[in-house]
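# Descriptive structure summary
Here is what each chain is made of, one letter per residue.
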Amino acid sequence: MDGSLNSIAERARAALAEKPDGVVEAIAASAGVTPVDVLAVLPEGAAVFAPADRWDSIWTDLSGWGDVLLIVHTEDIVLEVEGSLPAGSEGHGWFNIHGDSPIGGHIRKERCTSIAFVDRGFHGRRSCSVWFMNGEGRAMFKVFVRRDAERALIGEQLQRFEELRAKITSA
């Protein structure tokens, strides 16, 4: 396979065309590209990137959204946890999150190279999420706007997502 940028973008676009509202990681795998390559060829505005140095302001905002859906997607597991994001603090080389939530642990914050605000269709429904991307072009983890009992995006969280995306990407 030719590794040029054009061929990567072409492969990503072709795979995305086959399943435009599918799982980004599966689309990427089928094309032999990374998830960030797929995000880069989404329609304009569907994936908007902020630099990693905006981590603190983005995390602070996200920690005020109430219960969110945090997803860690690797080749071996798709782990989904609902809960609020603890405020977090830095220590011993980690971003540490602990509190009154099922979401807790330690994140290698320095591995984050960008943060993507993703607003796209997923299996026939709108999906909005914030992806913390690493240097390998993969999501370290994703924070999703939750859905209500009728499977609609929760309005207050959707508004917070849209406001944060606009604020961060225009700064």
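Numbers given to residues run from 1 along each chain, matching the order in which its sequence is written. Local features in this predicted model are restricted to residues whose pLDDT is 70 or higher, and side-chain atom pairs enter the listing and the counts only when it is 80 or higher, whereas totals over whole chains, interfaces and linings include all residues. The side-chain figures draw on all heavy atoms in the structure; neither hydrogens nor water molecules are used.

## Comments concerning the side chain of Asn134
Rule in force here: In DSSP terms, a helix is any run of H or I states spanning at least four residues, a strand is any run of E spanning at least two, and both are numbered starting from the N terminus. Partly exposed describes any residue whose relative accessible area lies between the buried limit of under 20% and the exposed limit of over 50%, with all areas from a 1.4 Å probe on protein chains only and scaled to the type maximum. Note on contacts: a residue pair qualifies if any of its non-hydrogen atoms lie within 4.5 Å across the two residues.
Checked against the element boundaries, Asn134 lands in strand S8 (residues 125-134). Accessibility expressed as a relative area gives 11% for Asn134, which makes it buried. Setting aside residues up to four positions removed in sequence, Asn134 forms contacts with Arg111, Thr113 and Met140.

## Observations regarding the nonpolar core
To keep things clear, this is the line we draw: Nonpolar cores were defined as sets of buried Ala, Val, Leu, Ile, Met, Phe, Trp, Tyr and Cys residues, with membership established by side-chain atoms within 4.5 Å.
One finds Ile58 and Phe132 to be the most contacted residues of the largest nonpolar core, which totals 30 residues. At the level of secondary structure, the elements contributing two or more residues to this core comprise helix H4 (55-62), strand S2 (68-73), strand S5 (94-97), strand S7 (112-122), S8, strand S9 (139-144) and helix H5 (155-170). Those residues within four positions of Phe132 in sequence are excluded, and the remaining contacts are Trp55, Ile58, Trp59, Leu62, Cys112, Ser114, Ile115, Arg138, Ala139, Met140, Phe141 and Val143. The next biggest cluster of nonpolar side chains, apart from the first, holds 20 residues, and it includes Ala31, Leu39, Val118 and Ala139.

## Digging into unusual backbone geometry
With a phi close to 55°, His92 is a non-glycine residue in the positive phi region. Secondary-structure assignment places His92 in the loop between strand S4 (89-91) and S5. Taking the relative accessible area as the measure of exposure, His92 reaches 82% and is therefore exposed. The backbone of Arg151 shows a phi angle near 70°, a positive value even though the residue is not glycine. In this structure, Arg151 sits in the loop between S9 and H5. By relative accessible area, Arg151 is classed as partly exposed at 47%.

## Remarks on the sheet that holds strand S1 (residues 47-51)
Condition: Note on pairing: DSSP must find at least two bridges between two strands before they are called paired. With axes taken as lines fitted to C-alpha atoms, and helix axes fitted only over the stretch in contact, angles between N-to-C directions fall between 0 and 180 degrees.
Within the open sheet, the 6 strands sit side by side as S1-S7-S8-S9-S2-S3. Their pairing is antiparallel. Each of the sheet's edge strands pairs with one partner strand only, and the pair in question is S1 and strand S3 (78-83). The mean angle between the axes of side-by-side strands here comes to 20°, regardless of whether they run parallel or antiparallel. Both S8 and S9 contribute to a ladder of 5 bridges, which runs antiparallel. Residue pairing across strands places Ser129 opposite Phe144, the latter belonging to S9. Across the sheet, H5 lies against S1, S2, S7, S8 and S9, angled at about 135° from S7, the strand it touches most.

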